[in-house]
Amino acid sequence: MSDDKIYSGDRAAVRHPQNEKIGVYMKKIVSLIAALALLFAVSCSSGGGKTVMSLGNAKIDEATYAYWMSTYKARYLRTYTDIKDTASYWNEKISDSSEKTNEELVNGLIRDNIRSNLVAMSLYAENGLTMSDSMKDKIDSYIDSLVEELADGSRKTMNANLAEFGINLNILRTVFINEQKSSDLFDYYYGDNGKTPVTDSEREAYYEENYVRFYQINVNDAYAYAEDSDGTYQKNEDGSYKKRSLTDKEKAEKAEKIAQIEKKLSDGADFSGLYEEYSENTDYPGGYYFSLTSAGDYIADIVTKAFSLEEGEWMKYTSDTYGTFFIKRAALDDGAYSAEANADFFDDFDASVADDLYNKMITSHFGEISVDEERLNAVSVKDCKANYYYD
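Below, the structure is looked at part by part. (Residues numbered from 1 in each chain as written. Predicted model: local features only at pLDDT ≥ 70, side-chain atom pairs only at ≥ 80, totals over all residues. Heavy atoms only, no water.)

**Some words on the pairing of strand β6 (residues 288–291)**
Burial of the side chains of β6 extends over both faces: Tyr288 and Phe290 are buried on one face and Tyr289 and Ser291 on the other. Summarising the sheet, strand β3 (residues 211–219) and β6 pair through 4 bridges and their orientation is antiparallel. In the strand pairing of β6, Tyr211 is matched with Ser291. (Buried < 20%, exposed > 50% of the residue type's maximum accessible area, 1.4 Å probe, protein only. Helix = DSSP H or I, 4+ residues; strand = E, 2+ residues; numbered from the N terminus. Pairing = 2+ DSSP bridges.)

**Quick word on the pattern of salt bridges**
In a structure, side chains of opposite charge can pair up when their charged atoms sit close to one another. Considering all chains together, one arrives at 21 salt bridges under this definition. We note a salt bridge from Asp200 to Arg203, for which the minimum N-O separation is 2.8 Å. In this pair, Asp200 and Arg203 are both assigned in helix α8 (residues 200–210), 3 residues apart and thus about one turn of the helix distant. With its nearest N and O atoms 3.2 Å apart, the salt bridge here joins Lys360 to Glu209. In this pair, Lys360 is assigned in helix α12 (residues 349–363) and Glu209 in helix α8, connecting sequence segments 151 residues apart. Among the charged side chains, a network of salt bridges with common partners joins Glu62, Asp372 and Arg375. (Salt bridge = Lys/Arg side-chain N within 4 Å of Asp/Glu carboxyl O.)

**Points about unusual backbone geometry**
Located in the positive-phi region is Asp152, a residue other than glycine, with phi close to 50 degrees. The residue Asp152 is located in the loop between α5 (133–151) and α6 (155–163) in this model. Among the residues examined, Asp152 registers a relative accessible area of 73% and is labelled exposed. Phi at Asp348 takes a positive value of approximately 60 degrees, unusual for a residue other than glycine. In this structure, Asp348 sits in the loop between β8 (323–330) and α12. Residue Asp348 is classed as exposed on the basis of its relative accessible area, which comes to 53%.

**Quick word on the sheet that holds strand β9 (residues 370–371)**
Read from one edge of the open sheet, 3 strands run β2-β1-β9, paired in antiparallel fashion. Both edges of this open sheet fall to β2 (58–61) and β9, since each of them pairs with a single strand only. As paired strands, strand β1 (residues 51–55) and β9 are joined by 2 bridges and run antiparallel to one another. Residue pairing in the sheet places Ser54 in a bridge with Ser370 of β9. Contacts between helix α2 (residues 62–79) and the sheet are confined to β1 and β2, with β2 contributing the most and set at about 70 degrees to the helix. (Contact = heavy atoms within 4.5 Å. Axes fitted to C-alpha atoms, helices over the stretch in contact; angles between N-to-C directions.)

**Some points on the pairing of β2**
Every other side chain in a regular strand lies on the same face of the sheet, so the side chains alternate between the two faces. Pairing geometry for β1 and β2, over 4 bridges, is antiparallel. Residue pairing for β2: Ser54 is matched across the bridge by Lys59. The antiparallel hairpin formed by β1 and β2 contains 2 residues in its connecting segment, where Gly56 sits at a positive phi of about 60 degrees.

**Let's talk about the sheet that holds strand β7 (residues 314–319)**
The strand order across the open sheet formed by 4 strands is β6-β3-β8-β7, and the pairing between neighbours is antiparallel. Each of the sheet's edge strands pairs with one partner strand only, and the pair in question is β6 and β7. When strand polarity is set aside, the average angle formed by the axes of neighbouring strands in this sheet is 35 degrees. Strands in contact with α8 are β3 and β6; relative to β3, the strand with the most contacts, it is inclined by about 50 degrees.

So, in structure tokens, the structure goes:
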């Protein structure tokens, strides 16, 4: 798993990737009760214990911190199949060149998420924002639905269930309110009629900082579409087009085509001319535009490799699933995100810019946070139980 794939899962945490590799290297050796013994028996209390983080008048206590650690752990485990909840996995180094373990890395990522929650709580108060009674009613209704679904309507049973994560219903309600504050704070700055709407200079800066542009010649030597005798493409039951394997003759023709392209490019032929002559997909003559976060909308490996190229440099990429590609990195053209011809690549672009600006604003306050390191280190992603249900 790469750093561009780490997400918080909601606006109640860091909204964009963390700048550190998680790799494919990313258990439970201590029960949650043992892990929380260092915190104290908070489950029987309406309070959350000692403060572990604070910023201004905003504070995060032991119970809330432990709850968020368990909750974000579950989100990572659900999302990234290369994370294994085993002692050997958590103790493993993230790479041969690093002394950091998977446990240390994910702990850091989750702590950044929790720090972001704290900053949002502080800025929410600093800006004089207040939560409406109707929003609090929605939160209470949601909690009631959890009690009904997960505890057969018994708040006593629900509190016993939540005790496993060091909290009770009162603390859970406070957590949900604080998470909502982060969403409301974002809307305050960047929502409709927000305090700081996205500017053209911010759009251009985000585009230049995060996007790559490349041209592409594609030869599909992986499959062909099945046709009826009259030339009509066949469809599967789900409506998708049915594929078939290439014949030996088709394979040979594709291989010859690919060899010609590669030789001509090596001899210095014009890429755009070869694109017109050979490419089997000519939908985007102006190029492809992707950021690492939008790479999943395409073939992520091609986008990653495009970022590694110098402008004007080309490479060959072969996929058993999609065929053969020749890609050439091109210079970014000013304002490409506003051109109609590029609309497919910049869906929700302004939202991405706003997310990035919000994230930078939040993280700029990290250095102002006071932390009780001893209490913070009492809970680790390796030891805590993943919270899959109570969030």
